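Letter by letter, the chains look like this.
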Amino acid sequence: MKLKQFTMNIHVGQKFEVQYLDSHLLDIFPNLAFVEQNVKMLKDIKMSEVLVNGQKITSEHFLPFYVNDNDWLEVYFGNKFKTQNLSYETIRKYIDNSPKFAAAREQYEENVVRCYLNEYKNFKSDDFYADMENKYFLRNSINYDKIFRHEVKSAMNKLGLSAKSIEYSLEKNAPLWRDESMTVAFLNRYPDCGVRDYVRHGYRFEDGLIEEQDSKPNFYAERSWRLLPLSKLSEQQRTLYNVWKSLREFEYYQENKKTIDKLGLATPNMKMNLKEAISLYSKLQSLEYICGYRRNYYRKDESKIF
């Protein structure tokens, strides 16, 4: 009888601990404002410095590196709630099995991705994954939108975030990056449609050398990457932009259809049928000639989507 009562008390105690952890998930995973600042400071954190006396530091500042390391999280939880005397057995079971914890972790990961989007967009500053020189030169690509997505995914994979959280966050936060990066890609392809104000500064590279007084490389030209005002664009140029953008969204959907459909975030352009896309592609080719662009050799690869 005593043994049975002891087993029941342990069960009740664990249930109370689980309820406590459920109610303190906001203490475990920092809010969006903290994550934003945390992502900015990741560039100042070297993985070799995360160890102190051979031990991993368990702090919310290092959470992006260990959010899917359940061993680290177990210690993190234990230190976070020392005064509650929670058993490590309960903590580990909670981390491994709690649906509420899993949902909170996914939301945190999505927040990390969301905050990094703004960091990667800033080509005037290094971040933990990419330096500003590399971000600037990649921004000059005719496929910048595709490069942007790939680079963000690579950065988040380096942190060890789950593939699902990365993909979901990229689509949920598409307004933060997709339209802008597509416009940049368009203007790299059709520069006459953009504002042509280049700001000269820094030193141009000569044989890989820069002036001694520079602590880091300076860009020799900064571009605006903005469309001309609609009143400054010809009717054909405006149509060129709209047609190209529609096709780009259609192509993007073909590549990321599974995630977009799960989230119900498809745009009308993504949902056009194949016949409409082929017709629009022919129109794009005609507009390129009308606007003074020869049919570019790199367009042959895009026909594969049809």
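Residues numbered from 1 in each chain as written. Predicted model: local features only at pLDDT ≥ 70, side-chain atom pairs only at ≥ 80, totals over all residues. Heavy atoms only, no water.

1. Side note on the pattern of salt bridges
Here is step 1: Under the counting rule described, the total for this entry stands at 22 salt bridges.
Here is step 2: Of the charged contacts, one joins arginine 139 and glutamate 180 as a salt bridge, the two residues approaching to 3.6 Å between their closest N and O atoms. In this pair, arginine 139 is assigned in the loop between helix H8 (132–138) and helix H9 (144–159) and glutamate 180 in helix H11 (residues 178–189), connecting sequence segments 41 residues apart.
Here is step 3: A relative accessible area of 34% places glutamate 180 in the partly exposed class.
Here is step 4: One salt bridge connects arginine 248 with glutamate 251, and the closest N-O pair in it is separated by 3.8 Å. Separated by three residues within a single helix, arginine 248 and glutamate 251 lie in helix H12 (residues 235–263), roughly one turn from each other. Grouping residues by exposure puts arginine 248 and glutamate 251 together as buried. (Salt bridge = Lys/Arg side-chain N within 4 Å of Asp/Glu carboxyl O. Helix = DSSP H or I, 4+ residues; strand = E, 2+ residues; numbered from the N terminus. Buried < 20%, exposed > 50% of the residue type's maximum accessible area, 1.4 Å probe, protein only.)

2. Comments concerning the layout of surface pockets
Here is step 1: In this structure, the largest pocket encloses a volume near 190 Å³.
Here is step 2: Considering the residues around the largest pocket, the lining is formed by 13 residues, among which Lys146, Arg149, Tyr252, Glu255 and Asn256 are closest to the centre.
Here is step 3: Only H9 and H12 provide two or more residues apiece to the lining of the largest pocket.
Here is step 4: Across the lining of the largest pocket, the residue classes tally to three nonpolar, two polar and eight charged.
Here is step 5: Within this model, the second largest pocket holds a volume of roughly 160 Å³.
Here is step 6: Along the walls of the second largest pocket sit Leu25, Leu26, Phe29, Pro30, Asn31, Leu32, Ala104, Gln107, Tyr108 and Asn111, which together make up its complete lining.
Here is step 7: Elements supplying a minimum of two residues to the lining of the second largest pocket: helix H2 (25–28) and helix H7 (99–121).
Here is step 8: Broken down by element, the lining of the second largest pocket gets its largest block of residues, four residues, from H7.
Here is step 9: For the lining of the second largest pocket, the per-class residue count stands at seven nonpolar, three polar and no charged. (1 Å grid on protein atoms, 1.4 Å probe; cavity = no way out; pocket = protein on both sides within 12 Å on 5 of 7 lines; lining within 4 Å. Points joined across faces, edges and corners; volume = space filled by probe spheres on them. Nonpolar A, V, L, I, M, F, W, Y, C, P; charged D, E, K, R; others polar.)

3. Considerations on the environment of glutamate 276
Here is step 1: With respect to the helices and strands, glutamate 276 occurs in helix H13 (residues 274–290).
Here is step 2: Taking the C-alpha atoms as reference, glutamate 276 lies 9.9 Å from leucine 247; in sequence the two are 29 residues apart.

4. Structural notes on the nonpolar core
For soluble globular proteins, nonpolar side chains are generally found buried alongside one another.
Here is step 1: Ranked by size, the top nonpolar core spans 75 residues in total, and within it Phe77, Tyr116, Val152, Met156 and Leu240 carry the most contacts.
Here is step 2: Discounting chain neighbours no more than four positions away, the residues touching valine 152 are Val113, Tyr116, Leu117, Tyr120 and Leu170. (Core = buried A, V, L, I, M, F, W, Y, C linked by side-chain atoms within 4.5 Å. Contact = heavy atoms within 4.5 Å.)

5. Comments concerning the packing of H7 against H9
Here is step 1: At a minimum axis separation of 10 Å, H7 and H9 run at an interaxial angle of 130°. Accordingly, the angle class assigned to the pair H7 and H9 is oblique. Once H7 is placed against H9, the crossing between them reads as right-handed. For the pair formed by H7 and H9, the contact residues are Val112, Val113, Tyr116, Leu117, Tyr120 and Lys121 on the first element and Tyr144, Phe148, Glu151, Val152, Ala155, Met156 and Leu159 on the second.
Here is step 2: When the residues that make up the contact of H7 with H9 are grouped by side-chain class, the tally is 11 nonpolar, no polar and two charged. (Axes fitted to C-alpha atoms, helices over the stretch in contact; angles between N-to-C directions. Parallel < 35°, antiparallel > 145°, perpendicular 65-115°, else oblique. Left-handed = near helix turned anticlockwise from the far one by under 90°.)

6. Comments concerning the side chain of glutamate 74
Here is step 1: Topologically, glutamate 74 is positioned in helix H5 (residues 70–80).
Here is step 2: Leave out the neighbours within four places in its chain, and glutamate 74 touches Tyr88, Ile91, Arg92 and Ile95.

7. Focus on the packing of H7 against helix H10 (residues 163–172)
Here is step 1: Following both chains from N to C, one finds H7 and H10 inclined at 55°, their axes separated by 8 Å at the closest point. Relative to H10, the element H7 is oriented oblique. When you trace H7 past H10, the crossing you get is right-handed. Mapping the contact onto sequence places Glu106, Glu109, Glu110, Val113, Arg114 and Leu117 in H7 and Lys164, Ser165, Ile166, Tyr168, Ser169, Leu170 and Lys172 in H10.

8. Some details on the confidence of the model for the chain
Here is step 1: Scored by pLDDT, the chain comes out at a mean of 84, with 78% of its residues at no less than 70.
Here is step 2: When pLDDT is averaged over each helix and strand of the chain, the minimum, 50, is found for strand E1 (residues 51–52) and the maximum, 98, for H10.
Here is step 3: In this model, residues 199–217 is a region of pLDDT below 50 whose contacts with residues beyond four sequence positions or in other chains number 27 contacts. (pLDDT = per-residue confidence, 0-100.)

9. Some details on the packing of aromatic side chains
Here is step 1: Tallying each qualifying case throughout the model produces 25 aromatic pairs.
Here is step 2: An angle of 35° between the planes, with centres 5.6 Å apart, marks the rings of phenylalanine 29 and phenylalanine 101 as tilted. Of the two residues, phenylalanine 29 is situated in the loop between H2 and helix H3 (32–41) and phenylalanine 101 in helix H7; the sequence distance between them amounts to 72 residues.
Here is step 3: The class for phenylalanine 29 is buried, based on a relative accessible area of 6%.
Here is step 4: Where phenylalanine 128 meets tyrosine 129, the ring centres are 6.3 Å apart and the plane angle is 55°; that geometry is what we call tilted.
Here is step 5: Members of the aromatic cluster, each reached through a chain of ring pairs, are Tyr20, Phe29, Tyr66, Trp72, Tyr76, Phe77, Phe81, Tyr94, Phe101 and Tyr108. (Phe/Tyr/Trp six-rings, centres within 6.5 Å; stacked < 30°, edge-to-face > 60°.)

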